Amino acid sequence: MTEVLDLDDARRTYTPKADRDEVRRNYEYDMERFIAHSSTSDLNPDPVALEAVLASVSHALEKGLAVEETRAAFGAGKIPLTLAAVRELEARGHSGVVTEGARDCIRQYVQHHTEHGFELPASLDAELRAFLSEAEPGGTSGGSVTLTRTQINAAVDFDYDRFIQSRYSVRHFTGAPVEAADVERAVERALKTPRVCNRETRRVHVAYGTELRNHLLTYHHGNRGFGHKLGAVLVITSDLRGFDMIGERNQPFTDGGLFAMSLAYAFHAAGLGACMMNWSEDTDHDQLLRNEFDIPENEVIVTFLGVGHLPEQFEVAASPRPQVGEILQELRVRPKS
């Protein structure tokens, strides 16, 4: 007679369980990293942290430029911090895309007021014009850009359903290496992924060579049977220096997760196979990886992503999908007792 399976026991065996002390230890590991490198508890003096503040505060002005109805001196309260952050970063030799974008945003802000006949307070107008006189316009586009419905319709004139329905997590590869140019192109495309307040916290660490790639995968659980044939392995992380309040404690994983999915689609569009390889590890295993590879302490690991060349024919896991009604629910106000 076949022994009756104890389902509860089987479930406990299938995935490791942790008591409350172990759960607390792991959360504290994440918490201490977040506190140490974000500006949630105290200001992180790193210029990257100030750059994130600048991206956030200037984005408030960008949103004002992008709404249909504006008013005179909108977002004026954000301007002093914007100007001060730009000047400080430039003085510290940390000018770049964000500072140039902020300057362009201020330039558009002044032009917007002129074009709409909005008057700025004299002192603010003088301050902004003095700020703009400090540097020539850069090549970075900040502020807002104009699009047309015709442009959007032309850009989406393809079979999107066919595209997304043909994307699967692939575990069959030829073993041929993936070129750095292919990874760079995918990352470039994924940069369009939404991010909180336009702050750039997404990072990618990539292993190309067979020896390095296989060594990296010894620290990952779940690549057995296909990992050795990958053409490259990406470790996607989020930089904690870009976050500055407690409400953002989970945002690194949100931004990093969105970015990872965009990367998967970018590789799919390039005719390459990709497989999300989760990093669902405890404190000890996370630290083992960090002890072996130079992943900065200010970054949290979001996921691994394996990519490789496709064979002519291959199998994929045909995971069943739920009905839309199981996922999509209309929001309702909770009845008051």
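Residues numbered from 1 in each chain as written. Predicted model: local features only at pLDDT ≥ 70, side-chain atom pairs only at ≥ 80, totals over all residues. Heavy atoms only, no water.

Asker: Could you give an account of the side chain of His112, naming the residues involved and the relevant values?
Answerer: Position of His112 among the secondary structure elements: in helix 5 (residues 97-116). Looking at His112, its side chain comes within polar contact range of the side chain of Thr70, at 3.0 Å. Once residues within four sequence positions are removed from consideration, His112 is found in contact with Leu65, Thr70, Phe74 and Phe118. (Helix = DSSP H or I, 4+ residues; strand = E, 2+ residues; numbered from the N terminus. Polar contact = N/O pair within 3.5 Å; in protein donor to acceptor, adjacent residues only side chain to side chain. Contact = heavy atoms within 4.5 Å.)

Asker: Before we move on, could you go through the environment of Thr237 and cite the residues and values that matter?
Answerer: For Thr237, the position within the fold is in strand 2 (residues 232-239). Its relative accessible area of 0% is what places Thr237 among the buried residues. Separated by 16 residues in the primary sequence, Thr237 and Phe253 place their C-alpha atoms 8.3 Å from one another. In this structure Thr237 touches Thr201, Arg202, Arg203, His205, Ile295, Glu299, Val300, Ile301 and Val302, once residues within four positions along its chain are discounted. A polar side-chain atom of Thr237 sits 2.6 Å from a polar atom in the side chain of Glu299. (Buried < 20%, exposed > 50% of the residue type's maximum accessible area, 1.4 Å probe, protein only.)

Asker: Before we move on, can you summarise the packing of helix 4 (residues 79-91) against helix 5 with the specific residues and values?
Answerer: In a pair of packed helices, the angle between the axes and the distance between the axes together describe the arrangement. The contact between helix 4 and helix 5 brings their axes to 10 Å, and the two run at 145°. Once helix 4 is placed against helix 5, the crossing between them reads as left-handed. Counting all contacts with helix 4, which are made through Ile79, Thr82, Leu83, Val86, Leu89 and Glu90, the residues of helix 5 involved are Thr99, Ala102, Arg103, Ile106 and Tyr109. Grouping the amino acids of the contact of helix 4 with helix 5 by side-chain chemistry returns seven nonpolar, two polar and two charged. (Axes fitted to C-alpha atoms, helices over the stretch in contact; angles between N-to-C directions. Left-handed = near helix turned anticlockwise from the far one by under 90°. Nonpolar A, V, L, I, M, F, W, Y, C, P; charged D, E, K, R; others polar.)

Asker: Residues and numbers for the side chain of Asn44, please.
Answerer: Assignment of secondary structure puts Asn44 in the loop between helix 2 (20-37) and helix 3 (47-66). Judged by relative accessible area, which is 17%, Asn44 ranks as buried. A distance of 2.7 Å separates a polar atom in the side chain of Asn44 from the backbone oxygen of His37. Only 2.9 Å separates the side chain of Asn44 from the backbone nitrogen of Asp46, close enough to count as a polar contact.

Asker: Help me get a handle on the packing of helix 5 against helix 6 (residues 122-133), residues and values and all.
Answerer: Helix 6 packs onto helix 5 with a crossing angle of 135° between their chain directions and a minimal axis gap of 10 Å. Classified by the angle their axes make, helix 5 and helix 6 are oblique. The interaxial crossing formed by helix 5 with helix 6 has left-handed handedness. Residues Arg103, Ile106, Arg107, Tyr109, Val110 and Thr114 of helix 5 form the contact with helix 6, whose own contacting residues are Leu128, Arg129, Phe131 and Leu132. (Parallel < 35°, antiparallel > 145°, perpendicular 65-115°, else oblique.)

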